[in-house]
Amino acid sequence: MNVLAIDQGTSATKALVLGADGAVLGEGQAPVQPRFGPAGAVEQDPAELLESVIAAGRQALAAARAAGAEVTAVGLGNQGETVLRWSRASGEPAGPAVSWQDRRAASVTRRLAAQGERLTEITGLPLDPYFAAPKMTWLRRQSGDAGVITTIDAWTTHQLTGAFVTDAATASRTMLLDLDGGDWSPEACAAFGVDPRSLPEVVACDARIGETDAFGPRLPVTALIVDQQAALLAESCFAPGDAKCTYGTGAFVLANAGDTAPRSASGLAACVAWRAGDRTTYCLDGQVYTAGAAISWLQRLGLLATAADIDALCDEASTAPGGALFVPALAGLGAPFWAPDAQGGWVGLSLSTGPADLVAAVVEGVAAQVAALAIAMGEDLGRPLQRLRVDGGLSRSAALMQAQADLLQAPVERYPLADATALGVAALARLGAGGAESLVTAVRAWEPAAVFEPRMDAAEAAERRQRFHRAATGLAALAGPGPAPPP
């Protein structure tokens, strides 16, 4: 069975037609451009997002048909926490989409700080403007009560099929879902001023939710899922403790937590990994908000010509302990610090610090925060992670992957394909269309393209992690009071 899998991302939409054996039969891609503004504003044009989905999907289908391949079903992956106001009657958006990167809802989370512990108890999520509900409340305050405000996937799906739904994994990223019960929480909705009747129906990730002719032939849509959970699935993280990190615009660490809804003692997010049929699998989640975005920032500063130059510059940099270190808080700090107003910063600079040292400091800073998240996940799950599977554009940097293995003190396994999210979406679409017996059989078997073993002494790795933690804590304190810390 051939399926069309679409990954609607922050800077591009990618579409693949995949055969039952995982072979790519057609592909398409369309760029999208986030718009950055003052006070942490990051917005996207809904029409551009929808057009990118349709354009990329049509390109992939045309390429597959040219090769003699027909498609049976469509699956859609989405950005997760991006929200939009729109009209149920007309389907028209009432303004730009507020990106998951947007930090303007920090005022909402500060106001709700006293309820933060209870909201985390219900939803599994720390109170932070990264999640959808604070953005929804902020957007309602800015532009009134007309229409509905949902995550972007509900609007996109409605435009394609007419259905008004969201999947369980995406719903669990809103801070409105009762993580134990699996449906909208009246108490959480009340805290954020959201009428639960205005929210879409929560469905399984492999649900058949309607049909679309947006790509040409009329096709059933049989999968919906948030992007990072799709990558967790594609990388065969089926057992509790299996973990992956995707290095894209941000870096996103997820670990399978089994079939019982967890709560984190380390300030991590607990959410739905996927719901297939009537079975729900959960995960722990931590975020570095700027990873690839930090590399793009280095390029804008003129410190780096292209991302391909990272490894060469890291080879030139000083490796002495106590040198330049960077905290990648260019869009605030997520777990375990939860300081939305924090800003990035270098420490340990001297007159001998050069451009290569600054680039290497950014690389180590990303790896150090990922390591902190992965170690916290191991503590929550009761045993250290045995390995970390990795994907995304920055996973091609050997310098970053070696730093990751060193600081985590565990092997890092690079996923061999560039499109983990689309492959996870395809597995669910195939399952939803009846083309696979189980998720395990729906996911393509794979072997790591490279394995990075720790080279650094464990004591030095621990000292570097502690130094990063001190620097990040200091920057969080400089940002002033934020939301209450997670329980």
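A brief report on the enclosed structure follows. (Residues numbered from 1 in each chain as written. Predicted model: local features only at pLDDT ≥ 70, side-chain atom pairs only at ≥ 80, totals over all residues. Heavy atoms only, no water.)

1. Description of the pairing of strand 14 (residues 243–247)
The buried count for strand 14 comes to five of five residues, which makes it a mostly enclosed element. A two-sided burial pattern is seen for strand 14, the buried positions comprising Ala243, Cys245 and Tyr247 on one face and Lys244 and Thr246 on the other. Where strand 14 folds back on strand 15 (residues 251–258), the antiparallel hairpin that results is connected by three residues. Here strand 14 pairs with strand 20 (residues 388–391) via three bridges, running parallel. Counted as the bridge partner of Lys244 is Arg389 from strand 20. (Buried < 20%, exposed > 50% of the residue type's maximum accessible area, 1.4 Å probe, protein only. Helix = DSSP H or I, 4+ residues; strand = E, 2+ residues; numbered from the N terminus. Pairing = 2+ DSSP bridges.)

2. Comments concerning the packing of helix 8 (residues 227–234) against helix 13 (residues 420–432)
One way to put it is that helix 8 packs onto helix 13 with a least axis distance of 7 Å and a crossing angle of 80°. Here helix 13 runs roughly perpendicular to helix 8, going by the angle between their axes. Where helix 8 approaches helix 13, its residues Asp227, Ala230, Ala231, Leu233 and Ala234 are matched on the opposing element by Ala420, Thr421, Leu423, Gly424, Val425, Ala427 and Leu428. Partitioned by chemical class, the residues of the contact of helix 8 with helix 13 number nine nonpolar, two polar and one charged. (Axes fitted to C-alpha atoms, helices over the stretch in contact; angles between N-to-C directions. Parallel < 35°, antiparallel > 145°, perpendicular 65-115°, else oblique. Contact = heavy atoms within 4.5 Å. Nonpolar A, V, L, I, M, F, W, Y, C, P; charged D, E, K, R; others polar.)

3. A look at the pairing of strand 13 (residues 219–226)
Regular strands place side chains that alternate from one sheet face to the opposite one. The element strand 13 is extensively covered by neighbouring structure, given that eight of its eight residues are classed as buried. The pairing of strand 6 (residues 73–78) with strand 13 spans five bridges and is parallel. From the neighbouring strand, Val74 faces strand 13, where its bridge partner is Val221. Relative to strand 13, strand 12 (residues 210–212) runs antiparallel, the two being bridged by three bridges. For Gly210, the partnering residue across the bridge sits in strand 13 and is Val221. Where strand 12 folds back onto strand 13 in an antiparallel hairpin, the turn is made up of six residues, including Gly216, whose phi is positive at roughly 125°.

4. Some details on helix 15 (residues 458–478)
The end-to-end C-alpha distance of helix 15 is 30 Å, a good match for the 30 Å that 21 residues give at a rise of 1.5 Å each. The complete set of buried residues in helix 15 reads Ala461, Ala462, Arg464, Arg467, Phe468, Ala471, Ala472, Leu475 and Ala476. Looking at the packing, one finds that the buried side of helix 15 touches strand 18 (325–327), strand 19 (345–347), helix 11 (355–381) and helix 12 (398–408). (Expected span 1.5 Å × (residues − 1).)

5. Details of the sheet that holds strand 16 (residues 269–276)
The pairing of strands in a sheet comes from backbone hydrogen bonds and takes either a parallel or an antiparallel form. What the seven strands build is an open sheet, ordered 16-17-15-14-20-21-22; its pairing is mixed. Since the sheet does not close on itself, it has two edges, and those belong to strand 16 and strand 22 (450–452), each with one partner. Going from strand to strand, the sheet's axes swing by 30° on average, the running direction of each strand aside. One ladder, built from five bridges, connects strand 14 with strand 15; its direction is antiparallel. Bridged to Thr246 within strand 15 is Phe252. On the sheet, helix 11 packs against strand 14, strand 15, strand 17 (279–288) and strand 20 and is oriented at approximately 145° with respect to strand 17. Across the sheet, helix 12 lies against strand 14, strand 20, strand 21 (412–414) and strand 22, angled at about 150° from strand 21, the strand it touches most.

6. Description of the environment of Gly392
On the secondary structure map, Gly392 appears in the loop between strand 20 and helix 12. Judged by relative accessible area, which is 18%, Gly392 ranks as buried. Each C-alpha atom, one on Gly392 and one on Thr174, is 24 Å from the other, the two residues being 218 residues apart in sequence. Leaving out residues up to four positions away in the same chain, Gly392 has contacts with Thr246 and Tyr247.

7. Description of the packing of aromatic side chains
Each aromatic ring pair is characterised by the separation of its centres together with the angle its planes make. Taken as a whole and judged by the stated rule, the model has 10 aromatic pairs. With a centroid separation of 6.0 Å and 40° between ring planes, the pair formed by Phe131 and Trp338 is classed as tilted. Separated by 207 residues along the polypeptide, Phe131 in the loop between helix 3 (116–123) and helix 4 (132–143) and Trp338 in the loop between strand 18 and strand 19 bring together distant segments of the chain. Ring geometry for Trp297 and Phe326: centres 5.6 Å apart, planes at 25°, overall stacked. (Phe/Tyr/Trp six-rings, centres within 6.5 Å; stacked < 30°, edge-to-face > 60°.)

8. Topic: the sheet that holds strand 12
Taken in spatial order, the six strands of this open sheet run 3-2-1-6-13-12, and their pairing is mixed. Each edge of the open sheet carries a strand with a single partner, namely strand 3 (24–31) and strand 12. For this sheet the average axis-to-axis angle between neighbouring strands, irrespective of direction, equals 25°. Contacting strand 1 (3–8), strand 2 (12–18), strand 3 and strand 13, helix 1 (residues 46–66) crosses the sheet at an angle of about 155° to strand 3. Running over the sheet, helix 8 touches strand 1, strand 6 and strand 13 and is turned about 95° from strand 13.

9. Quick look at unusual backbone geometry
Between Ala335 and the following residue, Pro336, the backbone shows a cis peptide bond with an omega angle of -5°. With respect to the secondary-structure elements, Pro336 resides in the loop between strand 18 and strand 19.

10. Thoughts on the packing of helix 11 against helix 15
Axis separation between helix 11 and helix 15 bottoms out at 10 Å; the angle between their running directions is 100°. With respect to helix 15, the axis of helix 11 lies roughly perpendicular. On helix 15, the residues touching Glu364, Gly365, Ala368, Gln369, Ala371 and Ile375 of helix 11 are Arg464, Arg465 and Phe468. Split into classes, the residues belonging to the contact of helix 11 with helix 15 amount to four nonpolar, two polar and three charged.

11. Regarding the pattern of salt bridges
According to the stated counting rule, one finds 21 salt bridges in the structure shown. The partner of Arg110 in a salt bridge is Asp341, and the shortest N-O contact between them spans 2.7 Å. Placement of Arg110 in helix 2 (residues 106–111) and of Asp341 in the loop between strand 18 and strand 19 is noted, with a sequence separation of 231 residues between them. Taking the relative accessible area as the measure of exposure, Arg110 reaches 38% and is therefore partly exposed. When its relative accessible area of 31% is taken as the criterion, Asp341 is described as partly exposed. (Salt bridge = Lys/Arg side-chain N within 4 Å of Asp/Glu carboxyl O.)

12. Points about the environment of Ile152
As for its position among the elements, Ile152 is in helix 5 (residues 152–161). Along the sequence, Ile152 and Arg85 sit 67 residues apart, while their C-alpha atoms lie 9.0 Å from each other. Among residues more than four places away in sequence, those in contact with Ile152 are Leu49, Thr82, Val83, Leu84 and Ala97.

13. A few points about the nonpolar core
With 139 residues, the main nonpolar core has Leu176, Phe192, Tyr247, Leu333, Val370 and Leu388 as its most contacted residues. A total of 15 residues in this core trace back to one element, the largest contributor, which is helix 11. If you look at the next biggest cluster of nonpolar residues, it comprises 34 residues, including Val17, Leu50, Leu76 and Phe215. (Core = buried A, V, L, I, M, F, W, Y, C linked by side-chain atoms within 4.5 Å.)

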